[in-house]
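Examination of the molecular architecture
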Amino acid sequence: MPTGTRVPTVPITELEQSEFCAPDSLQTRPLEEELSANVRWQRLPRSYMRMSAEELDERIAAAKARLGTDLVILGHHYQRDEIIKFADFRGDSFKLSQQAASRGEARYIVFCGVHFMAETADILSGEEQQVILPNITAGCSMADMAPSDDVHDCWEDLSQVVGEERLIPITYMNSTAAVKAMCGHNEGIVCTSSNAEAAFRWALQRGRRIVFFPDQHLGRNTGLKLGIPLEEMVVWNPFKSLGGLTPERIRGARLILWQGHCSVHTRFRVQQIQQARARHPGVHIVVHPECTMEVVQAADDNGSTEKIVRVVSQAPPGSIWGIGTEINLVNRLARENPDKTIFCLDPVVCPCSTMYRIHPAYLAWVLEELLEGRVVNRITVDPETRRYARVALERMLQVT
Ligand code: SF4
């Protein structure tokens with residue numbers, strides 16, 4: 001049990017978030033120039049650092065063609081366009097991992113996303129398949145906020161406080177394989193932003209309390225949808241002894257939320273929604289449930305990335321959409337739906353800084369290394385972690 005207060009650390013990705021915020025648009029520059037923004041990305045051989053966007057384009061296309069069916073490239077919705085155009089599949093993290101598992105003939109899965117996604121792909125893919133993350137430093141600031149040692153400490157502390165009463169751990173997909181395994185090991189489950197409600201319902205039928213990692217906002221928004229009042233929710237601060245709570249507060253809670261957040265989705269504000277409504281009468285506001293409770297409640301609708309793509313794509317021509325999610329996806333939706341007005345609620349163009357780390361130079365490098373018979377930046381999950389993480393993931397599939 002932690003006895004003192006540790007010094008809070010701010011993940012580097014949080015600091016980096018503002019480095020790529022721009023008042024207008026995002027344009028990929030040679031990697032060397034992007035690295036000058038004082039970021040700590042993986043270094044590459046110098047030739048890749050200086051290549052222009054056009055040269056990288058040609059080299060990626062040529063390498064992809066030569067690798068043929070040995071290769072599948074997965075592109076998360078939040079990736080840059082220069083990456084997405086080479087993706088065999090695009091989607092959210094779970095959909096992409098399922099796609100990877102269904103492409104058994106592909107020996108190499110290049111996951112253009114972040115580290116926890118590549119881990120999940122490794123867990124769900126076949127023994128013969130190798131998962132590659134083009135830039136090894138592409139993490140996720142939210143997943144980084146729940147290191148497994150701290151999660152284990154929290155679990156032990158809570159188990160001691162509530163004794164025999166049943167605790168059910170749920171982790172969001174956006175967490176490390178080790179945290180997923182902890183949930184699998186303790187009769188818990190994984191959820192995505194699409195099926196969080198179903199996972200919470202499943203858990204509430206089995207125990208008195210849910211412990212949710214690592215996004216407090218998705219947890220709070222989901223708890224409220226299921227009728228759990230705010231008074232029965234507490235936030236566990238991993239930097240404080242007993243999460244900064246008293247045993248009485250813990251015993252009175254039905255939902256214990258890990259103090260984590262997404263640095264992209266917490267940028268959205270109620271005031272931005274009010275301004276959008278004033279400027280665009282009839283606008284539909286849809287936001288991601290990683291946004292704060294106030295933003296979710298002020299919006300017309302909320303849902304996963306996949307849901308946002310679906311509702312906006314199926315909307316009638318002429319409709320107007322103010323969207324609260326990552327800018328690369330919003331810009332792409334606007335381009336692919338020219339018959340609608342689509343804009344991001346945040347006027348400052350601010351990509352997910354870790355997704356943004358997959359610069360095309362990294363994709364060119366990993367593919368050309370494969371052509372030379374070298375697998376670089378392979379992501380593997382150890383067998384024990386894999387086994388229990390898979391239990392929690394399969395439980396999710398049965399429930400939802
Ligand atoms: S958008 Fe947020 S949760 Fe998603 S990868 Fe980026 S930091 Fe992580």
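That block above? That's the structure.
All of the points below concern the structure found in this document. (Residues numbered from 1 in each chain as written. Predicted model: local features only at pLDDT ≥ 70, side-chain atom pairs only at ≥ 80, totals over all residues.)

Thoughts on the site of the ligand
The immediate surroundings of the ligand are formed by 13 residues, with Cys-140, Met-142, Cys-262, Val-264 and Cys-352 found nearest. Here the residues of the shell around the ligand sort into 8 nonpolar, 4 polar and 1 charged. A domain-level breakdown of the shell around the ligand finds at least three residues from each of domain 1 (28–139 + 355–381) and domain 2 (143–263). (Near = placed C-beta within 6 Å. Nonpolar A, V, L, I, M, F, W, Y, C, P; charged D, E, K, R; others polar. Domains from an automatic or database assignment.)

A closer look at the environment of Asp-382
Inspection of the secondary structure puts Asp-382 in the loop between helix H18 (360–371) and helix H19 (383–399). Residue class for Asp-382 comes out exposed when judged on the 10 C-beta atoms lying within 10 Å of it. In the structure, Asp-382 is positioned 129 residues away from Ala-253 in sequence and 35 Å away in space, judged by C-alpha atoms. (Helix = DSSP H or I, 4+ residues; strand = E, 2+ residues; numbered from the N terminus. Buried ≥ 20, exposed ≤ 12 C-beta atoms within 10 Å, placed from the backbone.)

As for the sheet that holds strand E13 (residues 341–344)
Read from one edge to the other, the open sheet built from 4 strands follows the order E11-E10-E12-E13, with strand pairing classed as parallel. A strand with exactly one partner marks an edge of an open sheet, and here the two such strands are strand E11 (301–302) and E13. Here 4 bridges tie strand E10 (residues 284–287) to strand E12 (residues 320–324), and the two strands are oriented parallel to one another. For Ile-285, the partnering residue across the bridge sits in E12 and is Gly-322. Against the sheet, helix H17 (residues 327–336) engages E12 and E13, with an angle of about 170 degrees to E13. (Pairing = 2+ DSSP bridges. Contact = placed C-beta atoms within 7 Å. Axes fitted to C-alpha atoms, helices over the stretch in contact; angles between N-to-C directions.)

Some details on the pairing of E13
Of the two faces of E13, the one holding Ile-342 and Cys-344 is buried and the one holding Thr-341 and Phe-343 is not buried anywhere. Bridge count for E12 against E13 is 4 bridges, and the pairing is parallel. Residue Ile-320 lies in a different strand from E13, and its bridge partner there is Thr-341. For the crossover that starts at E12, traverses H17 and ends in the parallel E13, the hand is right-handed. (Right-handed = clockwise from strand over helix to strand, strands pointing away.)

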